[in-house]
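# Secondary and tertiary structure notes
Chain by chain, the residues run as shown.
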Amino acid sequence: MNARPKAAVIGSNMIDLVTLIDRMPKLGETVEAPHFDIGFGGKGANQAVALARLGADVLMVSKVGDDIFGLEVKRNFEENGIDSRYVDVVVGASNGVAPIFVDKEANNSILIIKGANNALSPEDVDRAAEDIKKCNLIILQLEVPLKTVYHAIEFGVKHKIPVILNPAPGAELDFEYVRQADFLVPNETELEIISRMPVGTMDEIVAAARSLVEKGARNVIVTLGAKGSLLVNENEEVHVEPFAVKSTDSTGAGDAFIGSFAYYLLQSGNIVEAMRMANRYAAISTMKPGTQKSFIGMKEFSEVLEGMKS
Ligand code: ADP
């Protein structure tokens with residue numbers, strides 16, 4: 001469709017503060033932990049980075065904190081070739097951070113402090129309007145205020161720009177807005193929250209996705225972890241088989257899926273084909289630790305696929 005896909009990501013950024021622990025301290029206790037790592041995260045930023053590494057032009061609309069993390073996040077966008085003219089500092093606010101504690105059995109305990117992300121407003125979308133209008137796709141998640149997400153959906157409709165809504169983290173949504181998005185892309189947990197239906201079996205997942213289509217959602221794409229992904233719309237129901245890999249860390253797999261799905265959708269216009277490529281890109285991201293650290297560029301992606309053929 002387009003030689004170089006151009007997408008706007010309107011959403012969050014975070015700094016992941018990952019501490020490996022032997023055990024959680026009790027109230028009032030101090031314990032030493034063996035390892036600490038820092039990483040760039042936040043669903044919006046992750047999806048933008050996956051898109052950019054694959055070769056898309058990405059416009060980011062986001063808010064960073066008035067602190068060293070904010071400076072680093074902006075620098076990270078720039079290093080990844082992302083247009084960050086609309087990534088603004090919120091005076092007096094901290095950057096969004098996610099202190100993550102991982103024990104020896106790989107169990108996670110995560111705190112989210114949204115910080116500056118809470119300040120992303122409908123006016124910020126309007127301020128970037130002329131540049132968003134030059135994009136072929138708008139990508140949204142739920143780590144920024146809902147009123148901004150709804151405003152961005154309406155902006156997309158008004159200017160005939162397709163919208164992907166990743167309803168993550170799961171929240172109850174107003175279908176007056178959701179039905180206007182072209183793609184709704186939840187994982188199984190988010191599907192359960194939005195549909196208020198069980199998702200324990202594949203039949204239940206299909207029924208839950210179908211219920212959203214009946215409420216007006218156009219294309220529901222459910223990411224199914226190691227089971228691949230599922231498309232349900234008025235005309236079809238397609239289970240796209242997973243790409244078999246030796247998975248070691250699935251953090252950020254959903255963001256890898258959305259970023260790469262967006263890229264291939266813009267390239268081919270074919271939904272199922274884009275899901276097939278996204279299954280591959282996201283699966284490969286689970287073979288390496290970290291979130292953005294595990295998102296590879298187009299050259300490496302092509303080489304890995306080529307190597308796996310044989
Ligand atoms: P989230 O990270 O939001 O929970 P999922 O776990 O559904 O999202 O993963 C997103 C996508 O990543 C899946 O649809 C699939 O394409 C891919 N994926 C995740 N885990 C695996 C795995 N173990 N093997 C192969 N593909 C995987």
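Rules and cut-offs
Residues numbered from 1 in each chain as written. Predicted model: local features only at pLDDT ≥ 70, side-chain atom pairs only at ≥ 80, totals over all residues. Heavy atoms only, no water. Buried < 20%, exposed > 50% of the residue type's maximum accessible area, 1.4 Å probe, protein only. Helix = DSSP H or I, 4+ residues; strand = E, 2+ residues; numbered from the N terminus. Pairing = 2+ DSSP bridges. Contact = heavy atoms within 4.5 Å. Axes fitted to C-alpha atoms, helices over the stretch in contact; angles between N-to-C directions. Phe/Tyr/Trp six-rings, centres within 6.5 Å; stacked < 30°, edge-to-face > 60°.

### Some details on the pairing of strand S11 (residues 219–223)
Among the five residues in S11, five count as buried, and that is most of the element. Because side chains alternate across S11, one face comprises the buried residues Asn219, Ile221 and Thr223, and the other comprises Val220 and Val222, equally buried. Bridging between strand S10 (residues 183–184) and S11 involves two bridges; their strand directions are parallel. Looking at S11, one finds that Phe183 is bridged to Asn219. In this sheet, strand S12 (residues 229–233) lies alongside S11 in antiparallel orientation, the contact comprising five bridges. Counted as the bridge partner of Thr223 is Ser229 from S12. What sits between S11 and S12 in their antiparallel hairpin is a turn of five residues, with Gly225 showing a positive phi close to 55°.

### Things to note about the environment of Pro145
For Pro145, the location among the structural elements is in the loop between strand S8 (137–140) and helix H5 (146–158). Sequence spacing of Pro145 and Ala208 is 63 residues, and the spatial spacing of their C-alpha atoms is 25 Å. Other than its neighbours up to four places away in sequence, Pro145 contacts Asn117, Asn118 and Leu120.

### Describing the sheet that holds strand S4 (residues 57–65)
In space, the nine strands of this open sheet follow the order S5-S4-S1-S8-S9-S10-S11-S12-S13, with mixed pairing throughout. The open sheet terminates on both sides in strands that have one partner only, identified here as strand S5 (83–90) and strand S13 (237–240). Those strands touched by helix H1 (residues 43–54) are strand S1 (6–10), S4 and S8, and its axis lies near 155° from that of S4. Contacts between helix H2 (residues 68–79) and the sheet are confined to S4 and S5, with S5 contributing the most and set at about 175° to the helix.

### Remarks on the packing of aromatic side chains
For the structure on display, the rule yields seven aromatic pairs. For the pair Phe183 and Phe261, a centre-to-centre distance of 5.5 Å together with 75° between the ring planes defines the contact as edge-to-face. Remark: Phe261 occurs in helix H9 (residues 253–268) and Phe183 occurs in strand S10; sequence separation between them is 78 residues. Taking relative accessible area as the criterion, Phe261 reaches 0% and is therefore assigned buried. Considering the side-chain rings of Tyr263 and Tyr264, the 5.0 Å spacing of their centres and the 80° angle between planes classify their relative orientation as edge-to-face. Following the ring pairs from residue to residue traces out a cluster consisting of Tyr263, Tyr264, Tyr281, Phe295 and Phe301.

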